[in-house]
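Results of the structural survey
The residues making up each chain are set out below.
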Amino acid sequence: MCSHSQNQKHYPELNYGSGAKWIKSLTQNRLSTFLGGHFENVNLSSVLYIHHVDDSNHVDLQVWSAPGLTKPLFREAMKQEFKPAKKGDSFGPSFEFDPGCEAMIFSTDGVPLQGITGGGGGDRRVEHIIPPQAVRDGHYSVVVESSCNGMFGVPWNGDTIAPPDVNLLRHLMWDFTTLREIVDTVAGNTALQNKALVTANKIMNAFKSGDPENVKLMRGIAEDVFGKGWHAKGDKIYNEGPPKAQVVGISYCHIDTAWLWPYSVTQQKTARSWSTQIDLMERYPEHRFACSQAQQFKWLEEQYPTLFERIKKKVASGQFHLIGGSWVENDGNMPSGEALVRQFLYGQRYFESRFGKRCETAWLPDSFGLTAAYPQLIRDAGMKYFFTQKLSWYERNVFPHSTFNWVGIDGSQVLCHMTPVDTYTAQATVGDVNKGITNHKNLESNASALLVFGNGDGGGGALPKMLENLRRIRATTNEHRELPSVSMGSTVEEFFEDIEEDSKEGKTLPVWKGELYLEFHRGTYTSHGSIKKGNRKCEILLRDVERVATLTSLLKPKGHSYVYPKRAIDECWEKVLLNQFLPGSAIGMVYDDADKLYAEVREACTGLLEDAFIAFNATSFARHDVIKVPLSRDAARMKAQVIQTSADGKHGYALMHSVGNKVMSQPVGMYSVCMPASVFTNGTDHFVLRNANVQLTISEGRISSLIDVKLGRELIPKGNSGGLVIFEDRPNYWDAWDVEIHHLETSTPLSFSQVRVIAEGPLRAAVQTQIKYGGSTIDVTVQTSTYNGSVATMKGNSRSFFNFDAVVDWRERHKFLKFELPLNINNTYATYESQFGFVQRPTHKNTTVDAAKFEVCGHKFADLSEYGYGVALLSESKYGFSCEGNVLRISLLRAATAPDAEQDQGRHEFSWAVMPHVGSFLESDVPIAAFIYNSPLHVRTVPGQDAGHVAPSLPFWLEGSPNIFLETIKRGEDDFEPNASGTTIILRMYEAFGGHGSVKLYIGKNVPVKRAYVTNILEDTKGELGLVSTTGAHSTLKLEFRSFEVKTVKLVLETKKSDISGISSMTSSKRNSWVTVDEEL
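Rules used in this analysis
- Residues numbered from 1 in each chain as written.
- Predicted model: local features only at pLDDT ≥ 70, side-chain atom pairs only at ≥ 80, totals over all residues.
- Heavy atoms only, no water.
- Salt bridge = Lys/Arg side-chain N within 4 Å of Asp/Glu carboxyl O.
- Buried < 20%, exposed > 50% of the residue type's maximum accessible area, 1.4 Å probe, protein only.
- Helix = DSSP H or I, 4+ residues; strand = E, 2+ residues; numbered from the N terminus.
- Polar contact = N/O pair within 3.5 Å; in protein donor to acceptor, adjacent residues only side chain to side chain.
- Contact = heavy atoms within 4.5 Å.
- Pairing = 2+ DSSP bridges.
- Patch = residues over 30% accessible without salt bridge, like charges linked within 9 Å, V, L, I, M, F, W, Y side chains within 5 Å.
- Areas by Shrake-Rupley, 256 points an atom, 1.4 Å probe, with all protein chains shown as cover.
- Axes fitted to C-alpha atoms, helices over the stretch in contact; angles between N-to-C directions.
- Left-handed = near helix turned anticlockwise from the far one by under 90°.
- Nonpolar A, V, L, I, M, F, W, Y, C, P; charged D, E, K, R; others polar.
- Expected span 1.5 Å × (residues − 1).
- Core = buried A, V, L, I, M, F, W, Y, C linked by side-chain atoms within 4.5 Å.
- Parallel < 35°, antiparallel > 145°, perpendicular 65-115°, else oblique.
- Lys, Arg positive; Asp, Glu negative; His and termini not counted.
- Charge placed at Lys NZ, Arg CZ, Asp CG, Glu CD.
- Phe/Tyr/Trp six-rings, centres within 6.5 Å; stacked < 30°, edge-to-face > 60°.
- pLDDT = per-residue confidence, 0-100.

Remarks on the pattern of salt bridges
Tallying each qualifying case throughout the model produces 52 salt bridges. In this structure, D235 and K236 form a salt bridge, with 3.6 Å as the shortest nitrogen-oxygen distance. For K236, a relative accessible area of 47% puts it in the partly exposed group. Here E1045 makes a salt bridge to K1047, at a shortest N to O gap of 3.2 Å.

This is how it looks when you write it as structure tokens:
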């Protein structure tokens, strides 16, 4: 027999079968029937939970329900009387014991063991593994704290909780889930996709009884994709395969510090989520958890000290990673520049004091846009890496980069990664890992992505199924190449370090210059006006308190004992920084808490100011102010300074003058060259407010004219008018968050009515108006002052502004109130103040990128200028602005109904001003005027015997370039450390106009400076400065600034540590001899 015929014996000659051809789509659809669904009684789900014991012989359940909405700590709860309960009993206000809610498992001695999340969503985690020793002992006791809320607040319908089940087949379930994800994710008709589909189908065919032998068989089938013996390798599976993975996994648990729940619930969410992650670290050695927000750590330290100690150990072991460096994951638009500094200062100092290390990566994944001031501040806070994600939410224009150099307004850069997975709450699926590469926008520059996974917003973090899925994905990519590989066990910093090295220190990466503007959630600039006002006022109060307290602690007026109130200042700052998490889109309960915190800050700061100085100008600018003084009681002695008296004779108006480096503001008379302020009317519907340089006309209820008197220039186009306007406000998606461009198509101009003259000059001229709209009443007082009384600044050609004081009883729903002014000015961009500088945005809609900026964030001013002239709107508490063509607007009030059904309903008081100016914006005094407008004088009348308490001059002042502003004067942080041995002063300055500048910093002769340093914002020394000192005279420092540079200077004094022996936390009572003088702008 020949060998040829022998070779054919294994291949049959005849074939009567149908063949093995499949209909792939039907097989793929079949996979959905193996878990749950209609066949759950006969598929794998039927045997997943096979051993339940919940009778009284095995489970002894006792319950105590906290009263009302209180959230007692463990030690308080354990003092209460617990009553017997059983499965199915109802307790608490909104659920039955299931737990379709959040819960915490404690040991009986109060150690948090892990969190529980009930319900049927993707964040569900109800299993708790009983320790082996407890199994051997036959007895196990725990305490379960259940909260009456789900992960995202209280559900609409009641939730029930099933007893905990032991999942004997969960690994097979995870095998099948990963296989199915591969089938659904990998491109069609590839080898891996077909193999995963065949394998999953074989598992379904092999499923019989679900007994251990059957399970072993099915899991062996899965090895056709995952590789032989892959499961036994555990976390060592990451040591095989490609030496460098394309996708790096890091677990994270974003917890909104408040949103659909108040701060008190967040404190519990933090403990539940973080204890769960520690539990997972014990079973998954590769698990690394990144965590930000120093405030949440502080809550944990105070309320769950045993858990905090466990976290400290995990930080030391390198499993629990500190990121962010800030106090909270704050809003990225509305906090002031100094507040952003304090977010990092307080955050980094906390992390260093508790864990011995600072954060190296800034982390703001959920902020609704990011100011271009950030790169400089991040670098100055000791970090060079930045992670964000929210810009993946967009209405029209896709952000073009994933990994890039983000360059701020001053030229500073940070290495930024915006994960192409497009979420900070990834579920660690095959699709997530694959998207990290397929959605990456800069593969030509760098082909790596960060997979940030774990349940978030409401907390939770990673689940076992996520970590198991990643192991299976890695096992698959060790055998196949159709998916990107994923790694675990490294840090966020190591991820960025690899990018930095691969990109030659960023040289091969794209660059994005300027702000990261989010094309979403623009309504939050205005929603919840009380919070916006509280933020602005408290930021400025704290700046003033620090300045005054610093001077008082230095100058120590004779007979005046004073200790710098460091603890009280810190407590106030921490409250303000906490509230800066809130953009305006939380439930009403959250804003009740926030208003309370702002009230506490205002009360404390007022007391601190009472305890320090008597009368002062808290800015570094020369200024004129008109103040309103009472003409009764002790203040009657000021009557000689009064230039104008109110109609009822109860109040007078005085003109105060402040020299730039003088703390005291002195009353002055009207100069003979000044034209008095005046108001003219025809008695019905035509009113003209005027002084020597500007004139405003209200005709038939609208602002019909705005004239620069000196130039004879009309600023409102003929036939146009300005004033209040209301828009329909019905966003497409998120009520409190969004305002859509189509709201601009629904404007209704409002007319001032019941206009009457209330002040006719010579110092102050004003009219009072009222508008009735719907159920709302809007009272607006429009006023100006004599030329030298209301001039915006002391600049030579400065113009006066017209001030608008509004008192609103707001009762609208889904309406948007704005003030608008059409201007006879043409420019393609308008200018808005941002942190430590400004940003310019288009006034046109040339592109969809331009059109998207129809509502923007600004701080103290918005300006529209051309060569030779401009007009600015000044704001004391509002953040929303727009400029559509030549129409400049400031946003005043919204009226959303979700998630807070009563948002902004009720009384509001706020102000804004219209400020004409000579010259373009860069030639103007707008930034100085806005600074002063937001910094009212703190005025008290002082009897002669108290005059010695008043410092004659500010011991720090600048001479030179006028574009350099002195923002902050405070005591050094290290002065109050236990080993501190001296006194330091911190001065923070910035360049405000976008150009270079050179100044001399003068230091008063009464301040004995021995050394001076430039520091970062954390007050670490960067270099010594050349201090020029002359005995008995001022000391000076020469300082150079680049465009928008923020510079921090530390002065080391020769004085001994005389005032630091105690740190004042309380303020003394108000002096009986003082009389409060209300200011009226």
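A short note on the side chain of T371
Here T371 is to be found in the loop between β11 (361-364) and α12 (374-380). Engagement of the side chain of T371 in a polar contact is seen with the side chain of Q835, the distance being 2.7 Å. When sequence neighbours within four positions are dropped, the list of residues in contact with T371 reads G332, N333, L340, W406, E515, S834 and Q835.

What to know about the environment of N579
Tracing the backbone shows N579 in helix α17 (residues 566-579). Between the C-alpha atoms of N579 and N535, which are 44 residues apart in sequence, the distance is 7.8 Å. Residues contacting N579, with those up to four places away along its chain left out, are Y263, A594, L597 and Y598. One polar contact links N579 to Y263, side chain to side chain, over a distance of 2.6 Å.

As for the pairing of strand β27 (residues 723-728)
Most of β27 is tucked away: five of the six residues are buried. Across six bridges, the pairing between β27 and strand β33 (residues 815-822) is antiparallel. Bridge pairing in β33 links V725 to K818. Where β27 lies against strand β28 (residues 747-749), three bridges are found, and the strand directions are antiparallel. Across the sheet, residue I726 finds its bridge partner in β28, namely T748.

Quick word on a nonpolar patch on the surface
A cluster of nonpolar residues, I130, Y140, V142 and V144, forms a patch on the protein surface that exposes about 290 Å² of accessible area. The class of V142 is partly exposed, set by a relative accessible area of 32%.

A word on the packing of helix α5 (residues 170-185) against helix α7 (residues 212-226)
Relative orientation of the contacting elements α5 and α7 amounts to 35°, with a least axis distance of 10 Å. Judged by the sense of rotation from one axis to the other, the crossing of α5 with α7 is left-handed. Touching H171, L172, D175, T178, L179 and I182 of α5 are V215, M218, R219, A222, V225 and F226, all from α7. Of the residues in the contact of α5 with α7, the class split is eight nonpolar, two polar and two charged.

Structural notes on the sheet that holds strand β45 (residues 984-991)
The sheet built from five strands is open, its strands ordered β44-β45-β50-β47-β48 with antiparallel pairing. Pairing within the sheet leaves two strands with one partner each, and these edge strands are β44 (964-971) and β48 (1021-1024). Strand-to-strand twist across the sheet, computed as the mean angle between neighbouring axes with direction ignored, equals 30°. Sheet topology places strand β47 (residues 1009-1015) next to β48; three bridges connect them, and they run antiparallel. By the bridge assignment, Y1013 is partnered in β48 with E1024.

Some details on the sheet that holds strand β40 (residues 887-893)
Taken in spatial order, the six strands of this open sheet run β28-β27-β33-β40-β39-β36, and their pairing is antiparallel. Each having just a single partner strand, β28 and β36 (856-857) make up the two edges of the open sheet. Of the strand pairs in this sheet, β36 and strand β39 (residues 880-884) are connected by two bridges, and their pairing is antiparallel. Among the inter-strand pairings, C857 is bridged to a residue of β39, identified as G880.

Overview of helix α6 (residues 191-206)
Because the α-helix completes a turn every 3.6 residues, residues three or four places apart line up on one side. For α6, with 16 residues, the first-to-last C-alpha span of 22 Å sits near the 22 Å given by 1.5 Å per residue. Along α6, the residues that are buried comprise L192, Q193, N194, A196, L197, T199, A200, N201, I203, M204 and A206.

With respect to the nonpolar core
Counting 105 residues, the largest nonpolar core has W274, F297, I311, F320, F355, F386 and W406 as the members making the most contacts within it. When residues no more than four places from it in sequence are discounted, the contact partners of I311 are W274, I278, F297, L300, F320 and F355. By size, the runner-up hydrophobic cluster in this structure holds 57 residues, among which are L706, V780, Y879 and A895.

Section: unusual backbone geometry
Here G761 and P762 are connected by a cis peptide whose omega angle stands at 10°. Along the chain, the position of P762 falls in the loop between β29 (753-760) and β30 (764-773). Across the junction of A898 and P899, the peptide omega takes the value 10°, indicating a cis bond. If you trace the backbone, P899 turns up in the loop between β40 and β41 (906-918). For H814, which is not glycine, the phi dihedral falls at a positive 60°. Tracing the backbone shows H814 in the loop between β32 (802-810) and β33.

Quick word on the packing of helix α9 (residues 294-303) against helix α10 (residues 305-317)
Between α9 and α10, the least distance of the axes is 5 Å, while the angle of their chain directions is 125°. For the element pair α9 / α10, the angle class is oblique. The residues of α10 that touch α9, namely those facing F297, L300, E301, E302 and Q303, are P305, L307, F308 and I311. Taken together, the residues of the contact of α9 with α10 sort by class into six nonpolar, one polar and two charged.

Considering the pairing of strand β35 (residues 837-842)
Of all six residues in β35, five are buried, a share of seventy percent or more. Inspection of the sheet shows strand β34 (residues 829-834) paired to β35 by six bridges, in the antiparallel sense. Its bridge partner lying in β35, Y832 is registered against V839. Once β34 ends, the chain turns through two residues before running back antiparallel as β35, passing F836 with a positive phi of about 55°.

Quick look at a negative patch on the surface
On the surface, a cluster of negative charge is contributed by E360, E494, E497, D498, E501 and E505. Its place among the elements puts E497 in helix α15 (residues 492-502). Given the relative accessible area of 37%, E497 is considered partly exposed.

A look at the side chain of N691
In this fold, N691 is placed in the loop between β23 (686-690) and β24 (694-699). There is a polar contact of 3.5 Å between the side chain of N691 and the side chain of T784. Only 2.7 Å separates the side chain of N691 from the backbone oxygen of S785, close enough to count as a polar contact.

Description of the packing of aromatic side chains
This structure, assessed with the given rule, holds 48 aromatic pairs. Where F495 meets F496, the ring centres are 5.5 Å apart and the plane angle is 75°; that geometry is what we call edge-to-face. Exposure remark for F495: the relative accessible area of 3% places this residue in the buried category. Geometrically, the ring pair formed by F621 and F965 is edge-to-face, given 5.1 Å between the ring centres and 80° between the ring planes.

Quick word on the confidence of the model for the protein
Mean pLDDT for the protein: 88, with 86% of residues reaching 70 or above. Confidence over residues 91-98 falls short of pLDDT 50; this stretch has 28 contacts with residues more than four positions distant or in other chains. This model gives residues 1057-1081 a pLDDT under 50, and the stretch forms 88 contacts once residues within four places in sequence are excluded.

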